[in-house]
Amino acid sequence: MTDGPSSQGGGLSRRRLLASSAAAGGAVWLVRGLIRPDDAYAAPAPPPGFPAGVDLYRRAYENWAGEIRTDQLWTCAPRTPQEVLDVVNWAHGAGWTVRAQGQRHGWAPLTVADGTPAAARVVLLDTTAHLTAMSLQQAADGSATIRVQTGASLEALLAFAGAAGHGVTSAPAPGDLSVGGALAIGAHGTAVPALGENPPPGHGYGSLSNLVTELTAVVWDDRAGRYVLRTFGRAEPDCAALLTHLGRALVTEAVVRVGADHHLRCRSFVDIPAAELFAAPGAPAGTRTLAHFVDRAGRVEAIWFAFTDRPWLKVWTVAPQRPLASRAVDEPYNYPFSDSLPEPVARLAVDLISGAWASAPLFGQVQYLLTKVALTGDISDVLLSGSLVRDVLTGDVLTHLLAGGLRSDLWGASRNLLQYVRPTTLRETANGYAVLTRRADLQWVVSRFTDFYRELLARYASRGEYPVNGQVEIRVTGLEDPSVCGVPGARPPLLSALRPRPDRPEADTAVWIDVLSLPTTPALHRFYRDLEQFLLALDPDRVTVRVEWSKGWAYTDTAAWSDPDVLTRVVPAGHRAGGGPGWDEAVAILDRLDPHHVLSNPFLDALLR
């Protein structure tokens with residue numbers, strides 16, 4: 001089939017379709033045309049000399065929020081690592097580049113840039129069709145290793161681990177991430193040790209990349225004069241650059257260490273005022289601050305809808321036995337009200353995307369109340385709300401929410417509590433930063449950011465601008481500790497946002513900050529730039545700020561990934577700070593392993609230099 005005009009133009013009608021379909025839980029990937037070479041409608045001939053037997057077709061690339069869309073590009077689906085290698089060596093000889101793609105659940109232009117034309121000499125390599133094999137090997141200490149091809153999804157990986165009684169501590173919320181994509185950007189969840197907690201073997205509090213014990217990648221071999229598959233042990237220096245490579249390499253297989261699984265209890269709170277949860281350090285004893293919950297449980301996430309005063313706080317605790325008050329769950333994705341918005345709420349999202357941007361405060365209030373009703377069954381705030389809210393949260397909607405059962409206190413195997421974002425979730429754009437600090441300064445970071453965010457939001461609103469219609473999301477993780485992978489001599493991933501600073505061993509915590517909004521919202525990039533400049537100016541003696549690779553950063557007033565100072569100076573400086581191996585070593589290794597830049601794109605060439 002071929003894409004019609006609306007799929008290429010990105011006009012208002014398509015934006016309305018994007019909002020309504022995603023909000024209502026409809027089409028997962030919208031209008032993604034696919035043309036095979038033998039199709040009657042396929043005009044261009046396949047690239048000359050492309051390896052025989054490798055499935056080849058043309059397909060438009062579109063990322064999670066639809067901000068990156070391309071013409072129909074040549075795309076292949078190799079069945080084996082050898083076929084991957086054949087494609088890369090063909091590309092080298094033919095003057096093409098190869099871009100590995102997984103589930104496309106990302107924001108940054110690490111695969112291809114927005115608007116890449118059909119004539120571009122680039123072939124996308126879809127790892128998810130066939131490169132999904134897994135096997136598990138048990139260790140004597142109760143941990144295990146899973147050998148997994150990089151096209152497998154995180155949902156499949158954690159299900160496979162869970163079936164054998166294993167899991168990870170810090171898992172990302174979406175299940176529709178490929179293993180390769182998650183490792184490439186240093187994907188993470190939210191977890192630090194609770195006070196007094198000692199993790200069992202195989203568990204760590206950093207990124208998934210830090211759990212890798214070895215990996216296999218496509219690299220250049222000078223003596224052979226071609227690209228080859230090579231396996232790198234975790235203690236090898238080159239492996240440290242490949243663990244989080246940003247798409248500047250192609251990994252076909254990884255071995256990931258996992259630990260004995262533990263059941264979790266996840267409690268949701270929607271009654272704590274933001275002023276209390278995000279209070280400045282020194283608040284009176286008994287104040288329910290974020291740091292208080294981190295100390296008690298180690299695993300927390302705050303979701304704060306725009307223009308509301310009470311966040312949705314999730315708190316996970318290790319609970320081998322089901323507490324009497326908890327609802328047992330045996331599958332992931334246990335917040336259906338978040339996965340698929342009710343139709344009246346979806347219509348409000350459509351109104352926003354159609355230009356009713358001043359409805360952002362109403363949308364934030366509706367999202368909060370929807371969450372509160374679904375979690376707790378308390379409809380009192382809805383009944384006391386104005387008619388605009390009641391027009392959206394009708395009796396039928398409330399009845400539907402309550403029929404699903406309350407979900408404020410859940411218990412189950414770790415993956416069933418940690419994975420809760422489906423592809424049907426509202427497709428929003430997001431910026432992303434990791435603020436590295438001492439654990440004792442966690443509340444200071446949160447307080448400083450939330451005070452500025454609240455003031456900035458009010459300042460924009462006073463001018464009639466409503467750039468944020470989504471939510472703030474705050475997570476807390478530990479930094480990379482290479483010992484958790486169990487390989488002597490292992491080093492942390494060089495380009496991980498969680499790599500510790502050698503000169504600041506006391507900095508052991510990362511506060512992850514994301515602000516989400518519908519991608520076409522006016523003034524959004526300017527707002528993101530203001531937030532970014534504020535974070536980058538935080539006290540450098542207390543924090544180190546690094547960008548979250550998969551999200552938005554380097555903002556100008558009109559675009560992400562576009563500020564040359566942030567791209568070429570600030571981002572590298574965040575990884576060079578403190579000395580030791582890091583940015584420059586990683587760039588040199590990646591260039592040596594792919595000197596012809598077959599596994600790169602112009603954005604990465606400009607960033608990694």
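Quick caveat: nothing in here was measured; it's all calculated off a predicted structure. (Residues numbered from 1 in each chain as written. Predicted model: local features only at pLDDT ≥ 70, side-chain atom pairs only at ≥ 80, totals over all residues. Heavy atoms only, no water.)

Bringing the overall build of the protein into the picture now. A tally of helices and strands in the protein yields 20 helices and 21 strands. By principal-axis analysis of the C-alpha atoms, the protein measures approximately 70 × 55 × 45 Å. In the protein, which comprises 609 residues, the proportion classed as buried is 60%. Put simply, 77% of the contacts in the protein that link residues at least 6 apart link residues at least 24 apart. Accessible surface computed for the protein: about 21,900 Å², of which carbon and sulfur atoms make up 54%. Side-chain charges in the protein split into 55 positive and 62 negative, and the spacing between the mean points of these groups amounts to 1 Å. (Helix = DSSP H or I, 4+ residues; strand = E, 2+ residues; numbered from the N terminus. Buried < 20%, exposed > 50% of the residue type's maximum accessible area, 1.4 Å probe, protein only. Contact = heavy atoms within 4.5 Å. Areas by Shrake-Rupley, 256 points an atom, 1.4 Å probe, with all protein chains shown as cover. Lys, Arg positive; Asp, Glu negative; His and termini not counted. Charge placed at Lys NZ, Arg CZ, Asp CG, Glu CD.)

Our focus in this paragraph is the environment of Val389. Checked against the element boundaries, Val389 lands in helix α13 (residues 387-392). Among the residues examined, Val389 registers a relative accessible area of 3% and is labelled buried. For the pair Val389 and Phe363, spaced 26 residues apart in the sequence, the C-alpha separation amounts to 8.8 Å.

Per the counting criterion, the structure on display carries 36 salt bridges. Here Asp451 ties to Arg454 by a salt bridge, and the two come within 3.3 Å at their closest N and O atoms. Of this pair, Asp451 and Arg454 both sit in helix α16 (residues 442-462), 3 residues apart, which is roughly one turn of that helix. Taken together, the shared-partner salt bridges connect Glu301, Lys314, Glu473, Arg475, Asp514, Glu548 and Lys551 into one network. (Salt bridge = Lys/Arg side-chain N within 4 Å of Asp/Glu carboxyl O.)

Here the focus is the pairing of strand β7 (residues 144-149). Strand direction decides the pairing type here: strand β6 (residues 134-138) and β7, joined by 5 bridges, are antiparallel. Paired with Met134 across the two strands is Val148, which belongs to β7. Hairpin connection, β6 to β7: the antiparallel pair is bridged by 5 residues, and Gly142 has positive phi, about 95 degrees. Pairing analysis gives 6 bridges linking β7 to strand β11 (residues 250-260), with the strands arranged antiparallel. By the bridge assignment, Ala144 is partnered in β11 with Val258. (Pairing = 2+ DSSP bridges.)

Let us now look at the side chain of Ser517. Relative to the helices and strands, Ser517 is located in strand β20 (residues 509-517). Look at Ser517 and you get buried, because its relative accessible area is 0%. Engagement of the side chain of Ser517 in a polar contact is seen with the backbone oxygen of Pro467, the distance being 2.8 Å. Once residues lying within four places of it in the same chain are set aside, the contact partners of Ser517 are Glu428, Thr429, Pro467, Val468, Asn469, Gly470, Leu524 and Tyr528. (Polar contact = N/O pair within 3.5 Å; in protein donor to acceptor, adjacent residues only side chain to side chain.)

Residues Trp583, Ala586, Val587, Ile589, Leu590 and Leu593 constitute the buried set of helix α19 (residues 583-593). An end-on view of α19 places all buried positions within 165 degrees of arc, on one side of the element. Contact partners of the buried residues in α19: β9 (212-221), β10 (226-233), α6 (237-242), α18 (564-576) and α20 (602-607). (Arc of directions from axis to C-beta.)

The phi dihedral of Leu246 falls on the positive side, at around 65 degrees, and the residue is not glycine. Structurally, Leu246 can be placed in the loop between α6 and β11. Note on Leu246: relative accessible area 1%, which makes it buried. Residue Tyr333 is not a glycine yet carries a positive backbone phi of 65 degrees.

Turning to the nonpolar core, a few remarks are in order. Among soluble globular proteins, nonpolar side chains are generally buried collectively. Counting 153 residues, the largest nonpolar core has Leu215, Leu290, Leu313, Leu393, Tyr453, Trp553 and Leu607 as its most contacted members. For this core, the leading source of residues is α16, giving 10 residues. Grouped together as the second largest cluster of nonpolar side chains are 22 residues, Val98, Leu125, Trp220 and Leu250 included. (Core = buried A, V, L, I, M, F, W, Y, C linked by side-chain atoms within 4.5 Å.)

The next subject is the pairing of strand β13 (residues 299-305). Burial runs high along β13: 7 of the 7 residues are buried. Burial along β13 is two-sided: Arg299, Glu301, Ile303 and Phe305 and Val300, Ala302 and Trp304, pointing in opposite directions, are all buried. Of the pairings in the sheet, the one linking β13 to strand β14 (residues 312-318) comprises 5 bridges and is antiparallel in character. By the bridge assignment, Ala302 is partnered in β14 with Leu313. Here β13 hands over to β14 after 6 residues, with Phe307 in that stretch at a positive phi of 65 degrees. Across 5 bridges, the pairing between β13 and strand β19 (residues 471-478) is antiparallel. If you follow Trp304 over to β19, its bridge partner there is Val472.

One pair of aromatic rings is described through two measures. These are the centre distance and the angle between the planes. Evaluated as defined, the whole model comprises 21 aromatic pairs. Arranged with centres 6.0 Å apart and planes meeting at 25 degrees, the rings of Phe449 and Tyr453 form a pair that is stacked. Of the two residues, Phe449 and Tyr453 both sit in helix α16, 4 residues apart, roughly one turn of that helix. With relative accessibility at 1%, the residue Phe449 sits in the buried group. (Phe/Tyr/Trp six-rings, centres within 6.5 Å; stacked < 30°, edge-to-face > 60°.)

This brings us to the state of the cysteines. Here the structure, examined in full by the defined rule, presents 0 disulfides. For Cys485, which is in no disulfide, the shortest distance to another cysteine sulfur is to Cys239 and amounts to 8.6 Å. (Disulfide = S-S within 2.5 Å.)

Summarising the model, the protein shows a mean pLDDT of 92, and 93% of its residues fall at 70 or more. Here residues 1-33 is modelled with pLDDT under 50, and outside its nearest four sequence neighbours on either side it reaches 78 contacts, counting other chains as well. (pLDDT = per-residue confidence, 0-100.)

Moving on: the packing of helix α10 (residues 343-353) against helix α11 (residues 360-376). Running from N to C, α10 and α11 point in directions that differ by 160 degrees, and their axes come no closer than 10 Å. In terms of orientation, α10 and α11 fall into the roughly antiparallel class. Our pair here, α10 against α11, has a crossing hand that is left-handed. Residue-level inspection shows Val345, Leu348, Ala349 and Leu352 of α10 in contact with α11, the latter providing Ala360, Leu362, Phe363, Val366 and Leu370. Of the residues assigned to the contact of α10 with α11, the class counts are 9 nonpolar, no polar and no charged. (Axes fitted to C-alpha atoms, helices over the stretch in contact; angles between N-to-C directions. Parallel < 35°, antiparallel > 145°, perpendicular 65-115°, else oblique. Left-handed = near helix turned anticlockwise from the far one by under 90°. Nonpolar A, V, L, I, M, F, W, Y, C, P; charged D, E, K, R; others polar.)

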